[in-house]
Amino acid sequence: MAGKRIILMGPPGGGKGTQAKRIQERYGIVQLSTGDMLRAAVAAGSPVGKQAKAVMDAGKLVSDEIIISMIAERISQPDCFNGFILDGFPRTVPQAEALDKLLTEKRMDLDKVVEVAVPDERLIERITGRFTCAKCGEGYHDTFKQPKKPGVCDVCGGTEFSRRADDNAETVKARLKAYHVQTSPLLPYYEKKGLLMVIDGDRDMDVVTTDLIKILGA
Ligand code: AP5
């Protein structure tokens, strides 16, 4: 599946990051998560990170200008030539239009846009129970995915874990609102282009992965 370019959409906590990591491994393409890029910028204390921090902590969307220039720079790097899976981008119609323009300039097409759909009432539990390995970033959940050996990362053996600053019930409500108001108009945008597929993300993670692979092909 060399050269595949995929957008993974879905509400906060819907499982985009979990599935994007699996797809990245399965197909040898790169996961491009704007959320991860912004958190790295915040941790580094860069000018972008300083501008983004308060917006992210409030559960609102960072400006299109910042996001578009971040993605334009990232997509131009050589590891993206063999394909990528966009996780959390685009999130507004101007971001989708900018992506179209960028891909046209690079003579690239999108292969599929997949929404992982999960009802709102499930998302707060998913987000407030989430934690990740501080060393390798592997994701876990208090209820749905505990490390096999308590306190030890299955992947790298790390023993320190962290929780995101925006993973609290109050901020999640603002993130959900942003998804419904600003991001959901992208569903008809991609449906009109004949690219959109929707899968039920309110099932076991492995079942969701199997469905995703069926959609994306061998
Ligand atoms: P971002 O990092 O993109 O966060 P998000 O969209 O809110 O999504 P999450 O990362 O919270 O969830 P996810 O769908 O990846 O779920 P996960 O797989 O972890 O963005 C953060 C912020 O950055 C935004 O609020 C905004 O401020 C800014 N930002 C980012 N991109 C932007 C953009 N393009 N424009 C403007 N601003 C932007 O799963 C969640 C938990 O559930 C995990 O613990 C997992 O183990 C568990 N889980 C996953 N799947 C299942 C399952 N099937 N069953 C049970 N549990 C499951």
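Refer to the structure printed above.
What counts, and where the lines are drawn
- Residues numbered from 1 in each chain as written.
- Predicted model: local features only at pLDDT ≥ 70, side-chain atom pairs only at ≥ 80, totals over all residues.
- Heavy atoms only, no water.
- Helix = DSSP H or I, 4+ residues; strand = E, 2+ residues; numbered from the N terminus.
- Rg over C-alpha atoms; globule rule 2.2 N^0.38 Å.
- Buried < 20%, exposed > 50% of the residue type's maximum accessible area, 1.4 Å probe, protein only.
- Contact = heavy atoms within 4.5 Å.
- Lys, Arg positive; Asp, Glu negative; His and termini not counted.
- Charge placed at Lys NZ, Arg CZ, Asp CG, Glu CD.
- Pairing = 2+ DSSP bridges.
- Axes fitted to C-alpha atoms, helices over the stretch in contact; angles between N-to-C directions.
- Near = heavy atom within 4 Å.
- Polar contact = N/O pair within 3.5 Å; in protein donor to acceptor, adjacent residues only side chain to side chain.
- Areas by Shrake-Rupley, 256 points an atom, 1.4 Å probe, with all protein chains shown as cover.
- Nonpolar A, V, L, I, M, F, W, Y, C, P; charged D, E, K, R; others polar.
- Salt bridge = Lys/Arg side-chain N within 4 Å of Asp/Glu carboxyl O.
- Core = buried A, V, L, I, M, F, W, Y, C linked by side-chain atoms within 4.5 Å.

Our focus in this paragraph is the overall build of the protein. Across its full length, the protein holds nine helices and eight strands. Here the protein has a C-alpha radius of gyration of 17 Å; the compact-globule value for 218 residues is 17 Å, and the two agree. Oriented by its inertia axes, the alpha-carbon framework of the protein measures out at about 50 × 40 × 35 Å. Expressed as a percentage of its 218 residues, the buried residues of the protein come to 43%. A fraction of 69% describes how many contacts in the protein between residues 6 or more apart in sequence connect residues 24 or more apart. Each charge sign in the protein was given a centre, from 32 positive and 30 negative side chains, and these centres are 2 Å apart.

On to the sheet that holds strand β8 (residues 196–200), then. Read across the open sheet, the five strands follow the order β2-β3-β1-β4-β8; overall the sheet is parallel. Looking at strand neighbours, the two that pair on one side only are β2 (30–33) and β8, the edges of this open sheet. Direction aside, the axes of adjacent strands within the sheet are offset by 20° on average. Inspection of the sheet shows β2 paired to strand β3 (residues 84–87) by four bridges, in the parallel sense. Across the sheet, Q31 pairs through a bridge with I85, a residue of β3.

Turning our attention to the site of the ligand. Around the ligand, 33 residues are found, and the nearest of them are T18, K60, R91, R130 and R175. One nitrogen or oxygen atom from the main chain of G17 is found 2.8 Å from an oxygen atom belonging to the ligand. Take T18: an N or O atom from its side chain is 2.5 Å from an oxygen atom of the ligand. Across the complex, the protein chains shield 95% of the 1,100 Å² of accessible surface that the ligand would expose by itself. For the shell around the ligand, the elements supplying multiple residues, two or more each, are α1 (16–27), α2 (34–44) and β6 (139–141). Residue contributions to the shell around the ligand peak at four residues, all from α2. Here the residues of the shell around the ligand are counted per class, giving 11 nonpolar, 11 polar and 11 charged.

Attention shifts here to the pattern of salt bridges. All told, the structure shown has 20 salt bridges when counted by the stated rule. Put simply, D79 and R74 hold a salt bridge, and the shortest N to O gap is 2.7 Å. Here D79 falls in the partly exposed class, since its relative accessible area comes to 38%. Here R175 and D166 are joined by a salt bridge, their closest N and O atoms 3.6 Å apart. Each member of the pair R175 and D166 is classed as buried. Salt bridges linked by common partners bring R130, R164, D166, D167 and R175 together as one network.

Turning next to the nonpolar core. Formed by 32 residues in total, the largest nonpolar core has its most connected members in I7, M9, L32, F84, L86, L99 and Y190. Broken down by element, the residue count for this core peaks at five residues, all from helix α4 (residues 64–75). I6, I23, I85 and I213 belong to the second largest nonpolar core, which has 15 residues in total.

Everything listed is a geometric property; what it means functionally is a separate question.
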